Amino acid sequence: MTDISPAPAAVPQPLWDAVRGLDLPKQHLRDLTSFPEEAGEILLDAVDALRERDVGAARTLAEALREHAPQPGHRQFATNQLAAMLRAEGRTEESDALLEELMRPGLERGVALLLAEDLAGQGAYDKALHCYNVVCRGILAEPPETVAELNRLGLMPLLGRARMRELLGMTPDAHDLATRSTDAYLPPLENLADLQGGGPNGSAPQRAFPGEIPARTGPGERSTPPPPGRNEPCSCGSGRKSKKCCGSPLAR
């Protein structure tokens with residue numbers, strides 16, 4: 001049983017009551033003590049850690065996070081974790097019901113990134129496309145030529161979107177065509193020393209995240225904010241650190 005009291009200010013008491021009934025990994029207990037303002041993030045990580053040794057406890061914690069999430073984004077991540085556990089147990093109807101809940105308006109970009117590849121792997125191309133559209137919403141609202149400003153990391157969700165549209169037999173739209181064209185000249189991700197490096201032929205720095213719409217500072221000018229650091233809050237607004245959300249290898 002977890003023995004830390006009182007509850008961190010950022011954690012609702014009902015959630016803390018559930019946490020105290022579980023045997024959390026020691027590292028997460030230390031993190032809760034040292035970084036109470038990141039309790040939601042830490043508890044989401046604890047769900048993944050618990051799955052390796054006590055699926056029942058992991059499910060209990062995920063359910064508690066769903067019901068009493070410190071931030072709305074935490075609820076969505078916990079819902080995704082719970083759906084994955086239920087599917088692994090063969091409880092597909094319950095898992096599918098949770099996924100349908102996530103597909104409603106308000107889906108966070110970080111969760112959408114995690115869902116997209118899973119759904120594509122299951123052959124649910126229409127739902128995967130929906131998730132990719134959520135991730136790419138910002139860049140899709142801009143002219144197709146702005147796709148050329150993205151680097152390899154930023155282009156990957158658009159490539160996923162184009163792939164789903166192709167599998168669904170849809171005619172490529174202007175953003176699909178721009179995505180394929182940009183993909184042809186960008187170096188592989190592993191060769192990018194700096195994800196904020198310049199575009200082809202020394203052009204302006206490229207954007208790493210397709211959801212960010214830089215502010216225009218004048219005719220033909222564009223101010224491009226850098227993506228958040230790995231330990232900073234993710235730009236998608238989920239409440240998780242960038243390294244655990246849109247900046248996570250799992251979300252690429």
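Cut-offs used in this document
Residues numbered from 1 in each chain as written. Predicted model: local features only at pLDDT ≥ 70, side-chain atom pairs only at ≥ 80, totals over all residues. Heavy atoms only, no water. Helix = DSSP H or I, 4+ residues; strand = E, 2+ residues; numbered from the N terminus. Buried < 20%, exposed > 50% of the residue type's maximum accessible area, 1.4 Å probe, protein only. Contact = heavy atoms within 4.5 Å. Areas by Shrake-Rupley, 256 points an atom, 1.4 Å probe, with all protein chains shown as cover. Salt bridge = Lys/Arg side-chain N within 4 Å of Asp/Glu carboxyl O. pLDDT = per-residue confidence, 0-100. Axes fitted to C-alpha atoms, helices over the stretch in contact; angles between N-to-C directions. Parallel < 35°, antiparallel > 145°, perpendicular 65-115°, else oblique. Left-handed = near helix turned anticlockwise from the far one by under 90°. Nonpolar A, V, L, I, M, F, W, Y, C, P; charged D, E, K, R; others polar. Core = buried A, V, L, I, M, F, W, Y, C linked by side-chain atoms within 4.5 Å. Domains from an automatic or database assignment.

- The protein is annotated in an unreviewed UniProt entry as SEC-C motif-containing protein of Nocardiopsis metallicus.

## As for the overall build of the protein
- Scanning the protein from N- to C-terminus turns up eleven helices and two strands.
- Starting at the N terminus and walking to the C terminus, you meet the elements of the protein as α-α-α-α-α-α-α-α-α-α-α-β-β.
- The burial tally for the protein puts 46% of its 252 residues in the buried class.
- Look at the contacts in the protein between residues 6 or more apart in sequence, and 53% of them connect residues 24 or more apart.
- Here the protein displays about 12,300 Å² of accessible surface, and carbon together with sulfur accounts for 51% of that area.

## Considering the side chain of H175
- Relative to the helices and strands, H175 resides in helix α11 (residues 174–185).
- Setting aside anything within four residues of it in sequence, one finds H175 in contact with I139, L140, E142, P143, P144, V147 and R161.

## A look at the side chain of R161
- One can find R161 in helix α10 (residues 152–167).
- The class for R161 is buried, based on a relative accessible area of 7%.
- For R161, the contacting residues outside a window of four places in its chain are L129, Y132, N133, L140, D173, H175 and D176.

## A few points about the environment of V47
- With respect to the element layout, V47 can be found in helix α3 (residues 39–51).
- Residue classification places V47 among the buried positions, given a relative accessible area of 0%.
- C-alpha separation for the pair V47 and A62, spaced 15 residues apart in sequence, amounts to 6.3 Å.
- Those residues in contact with V47 that sit more than four places away from it in its chain are A58, L61, A62, L65, Q81 and M85.

## Some points on helix α8 (residues 125–135)
- Of the positions making up α8, those classed as buried are A128, L129, C131, Y132, V134 and V135.
- Contacts from the buried residues of α8 go to α7 (109–121), α9 (137–140) and α10.

## Concerning the pattern of salt bridges
- Here the structure, examined in full by the defined rule, presents 14 salt bridges.
- Salt-bridge contacts for E89 lead to R59; the nearest nitrogen and oxygen are separated by 2.3 Å. Residue E89 is located in the loop between α5 (72–88) and α6 (92–102), and its partner R59 is located in helix α4 (residues 55–67); the two are separated by 30 residues in the primary sequence.
- Where salt bridges share partners, they join R59, E89, R91 and E94 into one cluster.

## Here we look at the confidence of the model for the protein
- With 71% of its residues at a pLDDT of 70 or more, the protein has an overall mean of 79.
- Residue range residues 191–205 is modelled with pLDDT below 50. Its contacts to residues more than four positions away, or to other chains, number 22 contacts.
- For the stretch residues 210–226, pLDDT sits under 50, and the model shows 38 contacts to residues farther than four places along the chain or on other chains.

## A word on the packing of α10 against α11
- Remark: α10 packs on α11, axes separated minimally by 9 Å, with the N-to-C direction vectors making an angle of 130°. The orientation of α10 relative to α11 falls into the category oblique. α11 is crossed by α10, and the crossing has left-handed handedness. Contacts from R152, L155, L158, L159, R161, A162, R163, R165 and E166 of α10 reach α11 at H175, D176, T179, R180, T182 and D183.
- Of the residues in the contact of α10 with α11, the class split is four nonpolar, three polar and eight charged.

## Topic: the nonpolar core
- Within the largest apolar cluster, 47 residues are counted, with the highest numbers of intra-cluster contacts made by L24 and L61.
- Sorting the residues of this core by element identifies α1 (13–20), α3, α4, α5, α6, α7 and α8 as the ones contributing at least two each.
- Among the elements that make up this core, the one with the highest residue count is α7 (eight residues).
- Structurally, this core is a two-domain feature, drawing no fewer than three residues from each of domain 1 (7–105) and domain 2 (106–187).
- Not counting residues within four places of it along the chain, the set of residues in contact with L61 comprises V19, L22, L24, L43, A46, V47 and L50.
- C136, V147, L158 and L159 belong to the second largest nonpolar core, which has nine residues in total.

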